[in-house]
Amino acid sequence: MTGTASIDLYWLPLGAGGRSVRWNGRLFEAVLAWREGRAAQDLYHSALAVRVPAGRFVIEMAPVWADRDVDRGVVGEGAVGSRSAGRLRLFRYEIRCWRDGRIPDVAEAVDSPQRVAGDLQRAERLLALVPSVPRPVWGRDELKAGEMWNSNSVVAWLLARSGVDTAPLRMPPAGRAPGWQAGLVVAGRRHVSADERAGAR
């Protein structure tokens, strides 16, 4: 069924609305670009908005302390940096599937929204998959995907697993989304690894 559902992708500049994260991100990218012998690029964080007859849902990975709304649709949490650090609230992230929710700093989104699907079957499948997103340590490559796991990994994993063709998706010009490829790599695996099962608990 078409016309009753949609999946929209948003690209937000890393650290939108916060100077510290933005400048730290730029420093990280500058050092990495120098090591890899390429030009530095703008870094982006991705989020999804999914509309079905039951309502509109915002899907995003965010720090657990970033929003105090009690009804923000949290379906799971994970550690940031290391599992031991994750015992502290400051070093935990959460996966949200927030009905009638909001994307912070959406006004700063670039080349967004991008409509990536418009059929009810894929939209409902994506929503059903959100609770099963792998939740390894943020910023590390515990799943052996070739790069760190982060918010972009979550979005890429959900799109690929729900049947969306990610190849044609456009990233903002001169932009890069670290972790995106990790999500696609893990989504393409036939079997769930022990590390993925551990991260999903």
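Residues numbered from 1 in each chain as written. Predicted model: local features only at pLDDT ≥ 70, side-chain atom pairs only at ≥ 80, totals over all residues. Heavy atoms only, no water.

Once that is clear, we can look at the side chain of arginine 72. Looking at the secondary structure, you find arginine 72 in the loop between β3 (55-63) and β4 (74-79). Taking relative accessible area as the criterion, arginine 72 reaches 11% and is therefore assigned buried. Side chain to side chain, arginine 72 and glutamate 94 meet in a polar contact 2.5 Å long. Sequence-distant contacts of arginine 72, that is, excluding residues within four places in its chain, are made with Val64, Asp67, Arg89, Glu94, Arg96, Cys97 and Trp98. (Helix = DSSP H or I, 4+ residues; strand = E, 2+ residues; numbered from the N terminus. Buried < 20%, exposed > 50% of the residue type's maximum accessible area, 1.4 Å probe, protein only. Polar contact = N/O pair within 3.5 Å; in protein donor to acceptor, adjacent residues only side chain to side chain. Contact = heavy atoms within 4.5 Å.)

Overall, the predicted model of the protein chain reaches an average pLDDT of 84, with 80% of residues at or above 70. Under a pLDDT of 50 for its full length, residues 16-25 has, in the predicted model, 14 contacts with residues more than four places off or in other chains. (pLDDT = per-residue confidence, 0-100.)

Along helix α3 (residues 151-161), 9 of the 11 residues are buried, which leaves the element largely enclosed by surrounding structure. Of the residues making up α3, those classed as buried are Ser151, Asn152, Ser153, Val154, Val155, Ala156, Trp157, Leu158 and Leu159. For α3, the capping residue at the N-terminal end is asparagine 150, with a side-chain oxygen 3.0 Å from the backbone nitrogen of asparagine 152. In the segment just after α3, glycine 163 is the residue with positive phi, at about 95°.

In this structure, methionine 61 sits in strand β3. When its relative accessible area of 6% is taken as the criterion, methionine 61 is described as buried. Here the alpha-carbon distance between methionine 61 and valine 154, two residues 93 residues apart in the chain, equals 7.3 Å. With residues near it in sequence (within four places) discarded, methionine 61 still touches His45, Tyr93, Glu94, Ile95, Trp138, Trp149, Asn150, Ser151 and Val154.

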